[in-house]
Amino acid sequence: MKKLLSQTAVVAITMAFAGEALATEWNVSLWGKRRAFTEHVEKLAELVSEKTGGEFTLNISYGGLSKNRENLDGISIGAFEMAQFCAGYHRDKNPSITVLELPFLGVTSLEQEVELSMAVYNHPATVDDLARWNATLLMPSPLPQYNIVGAGDAPSTLADFEGMTVRATGGIGKAMEAIGAVPTSTTASEVRQAMDGGIVEAVSFAPHAHMSFGTIENATWWTTNLNPGTVNCPVVANTDALAALSYDHRDALLSSMDEALDHYIANYNGATMDAWGPALDERGIARVRFSDDEIAAFKAAAAAPAAAAWIEENTARGLPAQELYDMVTGMIAGGS
């Protein structure tokens, strides 16, 4: 009888250790707070846990693991297994995906943004580019066209941006520079303080970020139709950590991304945009709309020069820059 109990105990202990070995926890580095921009990661965590019976969990941290500009570095050394970052934070570290941040590409929907992003992410040159950081691109964080919130006198023409300090990164910053503004790259987490302190006079963001980071609290105006472009902010995994997952856990992760993105888009197009108009109205923020002629002149001044400069710079880096640019613009022209 004692022998039987001993054997049973051994089996129980063995099973316990086996169960422990099956459990996987990933740390995920985000920043700010939970908002529309992070809903696909939150949904991904929920789906992965459900599909694996809690054996695979994503532990999401908002700023507790790394600064947002250092997330790619953290991924490269395995400080955490998953992270979100924006290409414009460090263009030299991820030049391939900055093609998606060029001004006036003409993207019309979040769905199209996802399709374009995944095409670029899956291009061999992009895979190799991010492999330098031991990073595998998983999914984008699709954002609508950016527009600008500012304090003080509202611009009535594009000429009024001359000399204005505007928080704008990537291609949007280049576009604003083309009309005489002075772009700065203040991080999202610091932008409210910069605006309140007069370091920047205006901020370029998507609607959710204007609400989340408080730029509308002291703002007096909002541009409705500048639409100079957007930023590209992927979710990435540490490549070694991804390879080390069991088949079932890796399948649970990768098979959940489409549903996570669908949830993100539905939330953004619904709850987020439904809240945007009332948020402006409650604060008495004036809506500024520029004429079609001025927008056309803005595009002419910014789009072609920025694209030419991007192609030249990144061809010199050894990237197939023209090929990437032609792929993106071709998909847009084809109505993808």
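This part takes up the overall build of the protein. Broken down by element type, the protein carries 13 helices and 11 strands. Along the first, second and third principal axes, the C-alpha atoms of the protein reach 90 × 45 × 35 Å. Expressed as a percentage of its 336 residues, the buried residues of the protein come to 52%. For the protein, restricting intrachain contacts to residue pairs at least 6 apart in sequence, the fraction spanning at least 24 positions comes to 78%. Accessible area of the protein: about 14500 Å², with a carbon and sulfur share of 53%.

Okay, unusual backbone geometry next. Backbone geometry places Asn 134, a non-glycine residue, at a positive phi of 55°. With respect to the helices, strands and loops of the structure, Asn 134 is situated in the loop between helix H5 (124–131) and strand E4 (135–139).

Read from one edge to the other, the open sheet built from 5 strands follows the order E2-E1-E3-E10-E4, with strand pairing classed as mixed. Edge strands, defined here as strands with exactly one partner in the open sheet, are strand E2 (56–62) and E4. Mean inter-strand twist for the sheet, computed between neighbouring axes without regard to direction, equals 25°. Strand direction decides the pairing type here: strand E1 (residues 24–30) and E2, joined by 7 bridges, are parallel. Paired with Glu 25 across the two strands is Thr 57, which belongs to E2.

Time to look at the pattern of salt bridges. Between side chains of opposite charge, a pair can form when the charged atoms approach closely. This structure, assessed with the given rule, holds 11 salt bridges. Between Arg 34 and Glu 42 there is a salt bridge, with the nearest N and O atoms lying 3.6 Å from each other. Judged by its relative accessible area of 49%, Arg 34 is partly exposed. Note that Asp 196 is salt-bridged to Arg 192, the shortest N-O span being 2.8 Å. Linking Asp 196 with Arg 192, this pair stays in helix H7 (residues 191–196), spanning 4 residues, or about one helical turn. Among the residues examined, Asp 196 registers a relative accessible area of 43% and is labelled partly exposed.

Further remarks concern the packing of helix H2 (residues 39–51) against helix H11 (residues 257–282). Direction vectors running N to C along H2 and H11 enclose 140°, while the axes themselves pass 8 Å from each other. When the interaxial angle is binned, H2 and H11 end up oblique. The chirality of how H2 crosses H11 is right-handed. For the pair H2 and H11, the contacting residues are Glu 39, His 40, Lys 43, Leu 44 and Leu 47 in the first and Met 257, Glu 259, Ala 260, Leu 261, His 263, Tyr 264 and Asn 267 in the second. Of the residues in the contact of H2 with H11, the class split is 6 nonpolar, 3 polar and 3 charged.

Attention now goes to the side chain of Thr 165. Relative to the assigned elements, Thr 165 resides in strand E6 (residues 165–167). By relative accessible area, Thr 165 is classed as buried at 17%. Excluding residues that lie within four positions of it along the chain, Thr 165 makes contacts with Val 182, Ile 199, Val 200, Glu 201 and Ala 202.

If you look at the biggest cluster of nonpolar residues, it comprises 74 residues, and the most contacted ones within it are Trp 26, Leu 44, Met 82, Phe 161, Met 176, Leu 253 and Phe 298. Take this core: its biggest share by element is 9 residues, from H11. If sequence neighbours within four positions are ignored, Phe 161 has contacts with Ile 148, Pro 155, Met 176, Ile 179, Gly 180, Ala 181, Trp 221, Thr 223, Leu 226 and Phe 290.

What counts and how
Residues numbered from 1 in each chain as written. Predicted model: local features only at pLDDT ≥ 70, side-chain atom pairs only at ≥ 80, totals over all residues. Heavy atoms only, no water. Helix = DSSP H or I, 4+ residues; strand = E, 2+ residues; numbered from the N terminus. Buried < 20%, exposed > 50% of the residue type's maximum accessible area, 1.4 Å probe, protein only. Contact = heavy atoms within 4.5 Å. Areas by Shrake-Rupley, 256 points an atom, 1.4 Å probe, with all protein chains shown as cover. Pairing = 2+ DSSP bridges. Axes fitted to C-alpha atoms, helices over the stretch in contact; angles between N-to-C directions. Salt bridge = Lys/Arg side-chain N within 4 Å of Asp/Glu carboxyl O. Parallel < 35°, antiparallel > 145°, perpendicular 65-115°, else oblique. Left-handed = near helix turned anticlockwise from the far one by under 90°. Nonpolar A, V, L, I, M, F, W, Y, C, P; charged D, E, K, R; others polar. Core = buried A, V, L, I, M, F, W, Y, C linked by side-chain atoms within 4.5 Å.

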